[in-house]
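A structural walkthrough
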Amino acid sequence: RVQRRQEQWTLRVDAPHSELLALLRYMYTDAVDLADCNVEALKRVAREWQMPAVAKMCESVDDERVVIPSSTYLADMRGCINDAATADVSFEVDERVVRAHRAVLVHRCDYFKALLDGQFREASEGHVLVNDVEYNVFLAGLTYLYTGSIDAANAQLLFDLLYVSDFWHLDE
């Protein structure tokens, strides 16, 4: 059951703490440490949460080979960019709106931490006007923050991303 209270979501789950942490770890990292869990309880919760990859992994624990499903993490994170249903901050870039997630930006980039978590107006408004970066370059920068990867096929885009990485104070 999910309830929304003043910009904070509360999820009530009937699951042991260690299994809940294992599923959350999987959702954020694509990795599960089955040694720390009750595998049957984890399988039950994975089925309830409609996470068939984790349930299948739990079913194969007693087999000689544990089935490790292919990762969907990068695709899942790419799908979060510009997702109006879950985003909590927006950017206006080249007269177009780009939606993102404050938590991802704040934890991946010191520039966005200062902008969205500090005393700037944008922190309370949740909307940022971007004047110095083109739309496709801004999206490529967000893609890097969300996935840690970039499309290296476009040389001009790579060059423009150097500017963005310097402006956003990215060390990587």
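Refer to the structure printed above.
This section reports on the structure supplied with the text. (Residues numbered from 1 in each chain as written. Predicted model: local features only at pLDDT ≥ 70, side-chain atom pairs only at ≥ 80, totals over all residues. Heavy atoms only, no water.)

Focus: the packing of aromatic side chains
Stated formally: Two aromatic rings, drawn from Phe, Tyr or Trp (for Trp, its six-membered ring), form a pair once their centres lie within 6.5 Å of each other, and the interplanar angle then sorts them: stacked below 30 degrees, edge-to-face above 60, tilted otherwise. Runs of H or I in DSSP of at least four residues are treated as helices and runs of E of at least two as strands, each being numbered from the N terminus. Two conditions define a charge located above a ring, namely a distance within 6 Å from the ring centre to NZ of Lys or CZ of Arg, and an angle within 35 degrees of the ring normal.
The final tally for this structure, using the stated rule, is seven aromatic pairs. On the numbers, 5.0 Å between centres and 55 degrees between planes, the contact of Phe91 with Phe138 is tilted. You can see Phe91 sitting in strand 3 (residues 89-93) and its partner Phe138 sitting in helix 8 (residues 135-147), a full 47 residues away along the chain. By the ring-pair criterion, three or more aromatic residues cluster together here, those being Phe91, Tyr111, Phe112, Phe138, Tyr163, Phe167 and Trp168. The residue whose ring lies beneath Arg96 is Tyr135, and the NZ or CZ to ring-centre distance is 3.6 Å. Here Arg108 stacks its cationic end above the ring of Tyr144, 5.9 Å away from the centre of that ring.

Some remarks on the sheet that holds strand 3
Under the convention used in this document: Paired strands, as defined in this entry, are two strands with at least two bridges between them according to DSSP. Here an axis means a line fitted to C-alpha atoms, over the contact stretch when the element is a helix, while the angle between two N-to-C directions is reported on a 0 to 180 degree scale. A contact between two residues is defined here by any heavy atoms of the two lying within 4.5 Å.
Taken in spatial order, the three strands line up as 4-3-5 in an open sheet, and their pairing is mixed. Strands with a single pairing partner mark the edges of an open sheet, and in this sheet they are strand 4 (96-100) and strand 5 (127-130). Neighbour-to-neighbour, the strand axes of this sheet turn through a mean angle of 25 degrees, independent of strand direction. Of the strand pairs in this sheet, strand 3 and strand 5 are connected by four bridges, and their pairing is parallel. Of the residues in strand 5, the one forming a bridge with Ser90 is His127. Contacting strand 3, strand 4 and strand 5, helix 8 runs over the sheet at an angle of about 5 degrees to strand 4.

A few points about the environment of Phe159
Put simply, the rule is: Only protein chains enter the area calculation, which uses a 1.4 Å probe; residues under 20% of their type maximum are buried, those over 50% are exposed, and those in between are partly exposed.
On the secondary structure map, Phe159 appears in helix 9 (residues 155-167). Given a relative accessible area of 57%, Phe159 falls into the exposed group. For the pair formed by Phe159 and Val137, sequence separation is 22 residues and the distance between their alpha carbons is 9.8 Å.

A closer look at helix 9
Heads up, the rule is: Between the first and last residue of a helix there are one fewer steps than residues, each counted as 1.5 Å, and that sum is the expected span. Taken from the helix axis, the directions to the C-beta atoms give the arc we talk about. Definition of a polar contact: a pair of N or O atoms within 3.5 Å, with one able to donate and the other able to accept a hydrogen when the atoms are protein atoms, and with sequence-neighbouring residues admitted only if both atoms are side-chain atoms.
Compared with an ideal rise of 1.5 Å per residue, which puts 13 residues at 18 Å, helix 9 spans 19 Å between its outermost C-alpha atoms and is within 8% of the ideal. Of the residues making up helix 9, those classed as buried are Leu157, Leu161, Val164 and Ser165. For helix 9, the arc enclosing every buried residue in end-on projection is 95 degrees, short of the 170-degree limit, so these residues lie on one face. Turned more than 90 degrees off the buried face of helix 9, the exposed positions are Ala155, Phe159, Leu162 and Asp166. On the buried face of helix 9, the contacting elements are helix 8. In this structure Asn154 caps helix 9, since a side-chain oxygen of it lies 3.1 Å from the backbone nitrogen of Gln156.

Some points on helix 6 (residues 110-117)
Among the residues making up helix 6, those that are buried are Phe112, Leu115 and Leu116. All buried residues of helix 6 lie within an arc of 80 degrees about the axis, which places them on one face of the element.

Digging into the pattern of salt bridges
Definition in use: Salt bridge, as applied in this entry: a Lys or Arg side-chain nitrogen positioned within 4 Å of an Asp or Glu carboxyl oxygen.
Within this structure, the stated rule accounts for four salt bridges. Note that Glu48 and Arg44 form a salt bridge whose closest N and O atoms lie 2.8 Å from each other. Remark: Arg44 and Glu48 occur in helix 2 (residues 39-48); sequence separation between them is four residues, near one turn of the helix. Judged by relative accessible area, which is 46%, Glu48 ranks as partly exposed. Accessibility expressed as a relative area gives 34% for Arg44, which makes it partly exposed. Ionic pairing is found between Glu59 and Arg47, a salt bridge with its closest N-O pair at 2.3 Å. Of this pair, Glu59 sits in helix 3 (residues 52-59) while Arg47 sits in helix 2, placing them twelve residues apart in sequence. Judged by relative accessible area, which is 49%, Arg47 ranks as partly exposed.

Any functional reading would require information beyond the geometric quantities listed.
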